[in-house]
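# An overview of the molecular structure
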Number of protein chains: 2
Amino acid sequence: MAAAAPPPSPSPAPSAIGEDLIPFSQHQIFSRIRLATITDVPHIHKLIHQMAVFEKLTHLCSATESSLATTLFPPNSPPPFTSFTVFLLEVSKNPFNPISQNTPNFTPVLKTVNLDLPINDTEEEVFRTIDDDVVVAGFVLFFPNYSTFLAKPGFYIEDIFVRECYRRKGFGKILLSAVAAQAAKMGYGRVEWVVLDWNVNAIKFYEEMGAEIMQEWKVCRLTGDALQAFASVNI
Amino acid sequence: MAAAAPPPSPSPAPSAIGEDLIPFSQHQIFSRIRLATITDVPHIHKLIHQMAVFEKLTHLCSATESSLATTLFPPNSPPPFTSFTVFLLEVSKNPFNPISQNTPNFTPVLKTVNLDLPINDTEEEVFRTIDDDVVVAGFVLFFPNYSTFLAKPGFYIEDIFVRECYRRKGFGKILLSAVAAQAAKMGYGRVEWVVLDWNVNAIKFYEEMGAEIMQEWKVCRLTGDALQAFASVNI
């Protein structure tokens, strides 16, 4: 099933970019979710920076290409899904070859999305990959967490981001679902993440997909000088 | 520095268990924090069960010794701190030998705690270890998380628990500080956990130790049938 809603009828509809009448079926976009590798770090870095701009938190974002490469893809990296893992969302005007990444336990997710209008991606050049017609559109970063009550691992989603011109087309759902599918496949118990309490659209979307919003829990964070100070309590 | 406050004066104080006057210095308890191993699973299981009782959530607790052993200490376990990690809090009436666990990057934490009154541990036999005078008093379970903005790992504390008769003596602080110290030692950026919003004493304690309570964030959880259903969205 495509995540984007199919057209309501098979009749042709006008395009908004001044072309002649074009049937809906010509506004298709092909998407692939695959595991990121160290060669994707420049794109991941740009996506993280865009996310910080969107959240008006650029002053808190100190990630560099080098620090991301070192921490996400260290030498002798553990296998995917056992530590920090990045799924990259790529899109193309042409179908993807159903290649495997030779990763045990994961097959890239291919989806065709039908659009009312073609997407005008003004940053296509910046996010182009080595496959000439493939562009990076978003990412999700997640890692294992653990429930003692279930005695089972799960996944925690730290970030999910879709570039602006690709939003509201079902790509966020495709990314989230890929993480949920991987959790289910591995017999994991939960997928968790956090949301800002004023982000009512996101909360509505999460509730509709069956997630529970845990109203009673507050996140506590110890960082910076306070972390260093508390770290020395036992000395 | 001892986590438990030193006595206000060196003068003797009465004991509450019917003994004669005993100087404070005789009510000492020795504590050790060490990495748990698979042989500790029966104790860890009992601690988790007590935690579920305390939280009135025994109906949600399906952990067994077997499922804990499989998921916390799988064959070819990754090195400590790279995945799910358990620190065990042990106490003894006698000083611990400063043995090493032969674990790179970690030395067990030894602390002497001065008490106003001796502790009456009615479950001593259940929580006794192979060292005859050593008793398990609590645990903390944590694992790496990741901040994309910092491009740094951190630690997420899933559970911290101290058995009832050992509470309000600074042991929770010793456990939390051991995790913070390990994070600082490894150059990690943050330690995070969650707290119930009605647990005002805990929130006050966390704020006093320098933690920030993130008021705006809500935890979202996808589990059970909803997880299975959403996992199949891309199929």
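In this text the structure is predicted, and so the values were computed from the model without any measurement.

### Here's the deal with the relation of the copies chain A and chain B
Mapping chain A onto chain B calls for a rotation angle of 180° and an axial translation of 0.0 Å; the resulting RMSD is 0.0 Å. Expressed as an axis order, the relation between the two copies is that of a two-fold axis. A shared interface surface links the copies, since 100% of the contact residues of chain A are contact residues in chain B too.

### Things to note about helix α3 (residues 171-185) of chain A
Three- or four-residue spacings in an α-helix give side chains the same orientation, since the helix completes a turn every 3.6 residues. All names here are of chain A. With 15 residues, α3 ought to run about 21 Å at 1.5 Å a step, and its terminal C-alpha atoms sit 21 Å apart, in line with that. Regarding α3, the residues found buried are F171, I174, L175, L176, S177, A178, V179, A180, Q182 and A183. With its phi angle positive at about 75°, G187 sits one or two positions after the end of α3.

### A look at the packing of aromatic side chains
Residue and element names in this part refer to chain A. Scanning the entire structure with this criterion turns up 28 aromatic pairs over all chains. Ring geometry for F87 and F106: centres 4.9 Å apart, planes at 25°, overall stacked. Taken together, the residues F87 in strand β2 (residues 85-92) and F106 in the loop between β2 and β3 (109-114) connect sequence positions 19 residues apart. Members of the aromatic cluster, connected to one another through ring pairs, are F81, F87, F106, F142, F155 and Y188. Directly above the aromatic system of F54 lies the positively charged group of R167, at a separation of 4.8 Å from the ring centroid.

### Description of the interface of chain A and chain B
Facing the 75 residues of chain A at the interface are 75 residues of chain B. Of the roughly 7,300 Å² buried at the junction of chain A and chain B (both faces included), carbon and sulfur atoms supply 60%. At the junction of chain A with chain B, the criterion picks out two salt bridges. Salt-bridge contacts for A:E192 lead to B:R221; the nearest nitrogen and oxygen are separated by 2.6 Å. On inspection of chain A and its partner chain B, the count reaches 30 residue pairs in polar contact (both at pLDDT 80 or more). Here the element with the most residues in the side of chain A that touches chain B is α3(A); it accounts for eight residues. Class assignment for the residues of the side of chain A that touches chain B results in 48 nonpolar, 14 polar and 13 charged. Across three bridges, strand β7 (residues 212-214) of chain A lies against strand β8 (residues 217-223) of chain B in antiparallel orientation. Pairing of A:M214 across the sheet is with B:V219, part of β8(B).

### A short note on the pattern of salt bridges
In this structure the tally under the stated criterion is 20 salt bridges over all chains. Measuring nitrogen to oxygen at the nearest pair gives 3.6 Å for the salt bridge that ties B:E124 to B:R128. Its relative accessible area of 22% is what places B:R128 among the partly exposed residues. Several salt bridges converge on common partners, so that one network encompasses A:R32, A:R34, A:D40 and A:E90.

So, how was this worked out
- Residues numbered from 1 in each chain as written.
- Chains lettered and ligands numbered in written order.
- Predicted model: local features only at pLDDT ≥ 70, side-chain atom pairs only at ≥ 80, totals over all residues.
- Heavy atoms only, no water.
- Least-squares fit on C-alpha atoms with pLDDT ≥ 70 in both.
- Contact = heavy atoms within 4.5 Å.
- Helix = DSSP H or I, 4+ residues; strand = E, 2+ residues; numbered from the N terminus.
- Expected span 1.5 Å × (residues − 1).
- Buried < 20%, exposed > 50% of the residue type's maximum accessible area, 1.4 Å probe, protein only.
- Phe/Tyr/Trp six-rings, centres within 6.5 Å; stacked < 30°, edge-to-face > 60°.
- Lys NZ or Arg CZ within 6 Å of the ring centre and 35° of its normal.
- Buried area = accessible area lost by both parts, 1.4 Å probe.
- Salt bridge = Lys/Arg side-chain N within 4 Å of Asp/Glu carboxyl O.
- Polar contact = N/O pair within 3.5 Å; in protein donor to acceptor, adjacent residues only side chain to side chain.
- Nonpolar A, V, L, I, M, F, W, Y, C, P; charged D, E, K, R; others polar.
- Pairing = 2+ DSSP bridges.

These results come straight from atomic positions and should not be treated as a statement about function.
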